[in-house]
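Residues per chain, in single letters:
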Amino acid sequence: MNPNIEFELFAQRVYQKLLNSELIKPITVKHNVKLVGKSGCEHQIDVYWEYEVKGTIHKVVIECKNYNSTVPIGKVRDFFGVLYDLDGASGIMVSSKSFQTGAKKFAKHYGISLQSLRAPERNEPIGFITAQTSANIRHCLFLIDEEWAAEHKFDIQGLRNFYAQFQPNKADYWQKATHFPIETKDYNIRNSIGKVISSIETLERKLPQKTIPEKAAVFPFDDAWLDSRYNGPIKIREVMFEWESDVQEVTFNLAADDFVEGILKDAINGMEEYVSKY
């Protein structure tokens, strides 16, 4: 398709979306219209726009300039002649670039709107949304039997140091911790002769389902063992379920090409308007 025609159709789509978004009654937005002026001459109009406000019909003639350089004053003067002959129509000149200084002065004096129109670039930022996310996280922790740990040279302090380094933002918590996460081969809790006496799932079923307790839930054992994935059997004295509230701020960047059909920039006052796709 001819790139000039493509630009005119692009302008038609943008002004149709703009028309639909305003508090006005849309009538029509047409491409490539022939209008006869007072002189009897026929004028080719790139985009013709009609809408109604409080019972009054407004007619807008849109001239499109798909240029590689700024639009000179002569083109705006020619457009002024068309508007004068049509009588009662206001005018908007839309350019793929901008306008020369003389063209802006002439248009401002005679009330002609000059607009630059472009499609948003890929991933062009137009702002961001910051949202807070919150979650209640439940941790399953275990109190390791200290006598068993001493006999088997299981380094509880080393475990504190490991988690303090792994989560530096909670280093103080881990250095004072008595209960620790343990990765197990299964969810069963056994006694010293290997008999299953409970399981993590069994204990979880005893927890409140709809409310978050203010305090940790603790289940003590006299003779309980976990089959850990990396250290073999570990003797424990308690299973503790602890809840932690986690609140985070998440920022989502908004890309113009996801939401915006076109970007209009007033060549005289510099104001930009983003015309939604929807």
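Note that the structure is predicted; figures quoted are calculated from it, not measured.

Undergrad: Before we move on, can you summarise the layout of surface pockets with the specific residues and values?
TA: Here the largest pocket defines a volume of roughly 280 Å³. Taken together, the elements giving at least two residues each to the lining of the largest pocket come down to β6 (125–144), α5 (156–166) and α6 (171–175). By residue class, the composition of the lining of the largest pocket is nine nonpolar, three polar and three charged. Forming the walls of the second largest pocket are 13 residues, and the residues nearest its centre are L18, S113, Q115, L264 and E273. Those elements that provide at least two residues to the lining of the second largest pocket are α1 (3–21), β4 (89–95), β5 (113–118), β12 (260–266) and β13 (272–276). Along the lines of polarity and charge, the residues of the lining of the second largest pocket split into six nonpolar, three polar and four charged.

Undergrad: Pulling in residues and values, what's your account of the pattern of salt bridges?
TA: If you walk through the whole model with that rule in mind, you get six salt bridges. In this structure, R138 and E204 form a salt bridge, with 3.1 Å as the shortest nitrogen-oxygen distance. Of the two residues, R138 is situated in strand β6 and E204 in helix α7 (residues 200–204); the sequence distance between them amounts to 66 residues. What makes R138 partly exposed here is its relative accessible area of 39%.

Undergrad: Can you explain the packing of aromatic side chains? Please cite residues and give values.
TA: Overall, the coordinates contain 14 aromatic pairs when judged by the stated rule. Both rings, one in F80 and one in Y84, keep their centres 6.4 Å apart while their planes meet at 35°; by these two values the pair is tilted. Residue F80 and its partner Y84 are both found in helix α2 (residues 73–86); the two are separated by four residues, about one turn of the helix. Residue Y84 is classed as exposed on the basis of its relative accessible area, which comes to 57%.

Undergrad: If you had to explain the packing of α2 against helix α3 (residues 101–109) to someone new, which residues and values would you point to?
TA: It is the contact of α2 with α3, at a shortest axis distance of 7 Å, that shows an interaxial angle of 25°. Accordingly, the angle class assigned to the pair α2 and α3 is roughly parallel. Residues I73, V76, R77 and F80 of α2 pack against G102, A103, F106 and A107 of α3. Class assignment for the residues of the contact of α2 with α3 results in six nonpolar, one polar and one charged.

Undergrad: Explain the pairing of strand β11 (residues 232–255) to me, using residue names and the numbers behind them.
TA: Bridging between β6 and β11 involves 19 bridges; their strand directions are antiparallel. If you follow A131 over to β11, its bridge partner there is V250.

Undergrad: So what's going on with the pairing of β12? Residues and values would help.
TA: Burial analysis of β12 places six of its seven residues in the buried class, the great majority of the element. Of the strand pairs in this sheet, β5 and β12 are connected by four bridges, and their pairing is antiparallel. Bridged to L117 within β12 is L264. Bridging between β12 and β13 involves five bridges; their strand directions are antiparallel. Considered in β13, the bridge of G262 is made with V275. Between the antiparallel neighbours β12 and β13 lie five residues, among them G270 with a positive phi of about 80°.

Undergrad: Kindly report on the environment of W225, identifying the contributing residues and their values.
TA: On the secondary structure map, W225 appears in strand β10 (residues 217–228). For the pair formed by W225 and I189, sequence separation is 36 residues and the distance between their alpha carbons is 5.7 Å. Beyond its immediate stretch of four places on either side in the chain, W225 contacts W148, N188, I189, R190, N191, S192, P233, I234 and K235. Within the local environment of W225, its side chain forms a polar contact with the side chain of D223, the two groups lying 3.0 Å apart.

Undergrad: How would you sum up the side chain of D85? Please name residues and give values.
TA: Looking at the element boundaries, D85 is found in helix α2. Salt bridges are absent for the buried D85, whose nearest opposite-charge side chain, K38, sits at 5.7 Å. Of the polar contacts made by the side chain of D85, one reaches the side chain of S39; its length is 2.8 Å. Among the polar contacts listed, one links the side chain of D85 to the side chain of H43, at a separation of 2.7 Å. With residues up to four places along the chain from it excluded, the contact list for D85 reads G37, K38, S39, C41 and H43.

Undergrad: Got a sec to walk through the nonpolar core? Specific residues and values, please.
TA: One finds I144, F154, F180, I189, V239 and F241 to be the most contacted residues of the largest nonpolar core, which totals 27 residues. Breaking this core down by element, the ones donating at least two residues are β6, α4 (146–151), α5, α7, β10 and β11. Residues in contact with F180, not counting those within four places in the same chain, are L141, F142, I144, I156, L159, R160, Y163 and W174. Counting 19 residues, the second largest nonpolar core, distinct from the first, contains Y48, V71, A89 and L114.

Cut-off values and rules
- Residues numbered from 1 in each chain as written.
- Predicted model: local features only at pLDDT ≥ 70, side-chain atom pairs only at ≥ 80, totals over all residues.
- Heavy atoms only, no water.
- 1 Å grid on protein atoms, 1.4 Å probe; cavity = no way out; pocket = protein on both sides within 12 Å on 5 of 7 lines; lining within 4 Å.
- Points joined across faces, edges and corners; volume = space filled by probe spheres on them.
- Helix = DSSP H or I, 4+ residues; strand = E, 2+ residues; numbered from the N terminus.
- Nonpolar A, V, L, I, M, F, W, Y, C, P; charged D, E, K, R; others polar.
- Salt bridge = Lys/Arg side-chain N within 4 Å of Asp/Glu carboxyl O.
- Buried < 20%, exposed > 50% of the residue type's maximum accessible area, 1.4 Å probe, protein only.
- Phe/Tyr/Trp six-rings, centres within 6.5 Å; stacked < 30°, edge-to-face > 60°.
- Axes fitted to C-alpha atoms, helices over the stretch in contact; angles between N-to-C directions.
- Parallel < 35°, antiparallel > 145°, perpendicular 65-115°, else oblique.
- Contact = heavy atoms within 4.5 Å.
- Pairing = 2+ DSSP bridges.
- Polar contact = N/O pair within 3.5 Å; in protein donor to acceptor, adjacent residues only side chain to side chain.
- Lys, Arg positive; Asp, Glu negative; His and termini not counted.
- Core = buried A, V, L, I, M, F, W, Y, C linked by side-chain atoms within 4.5 Å.

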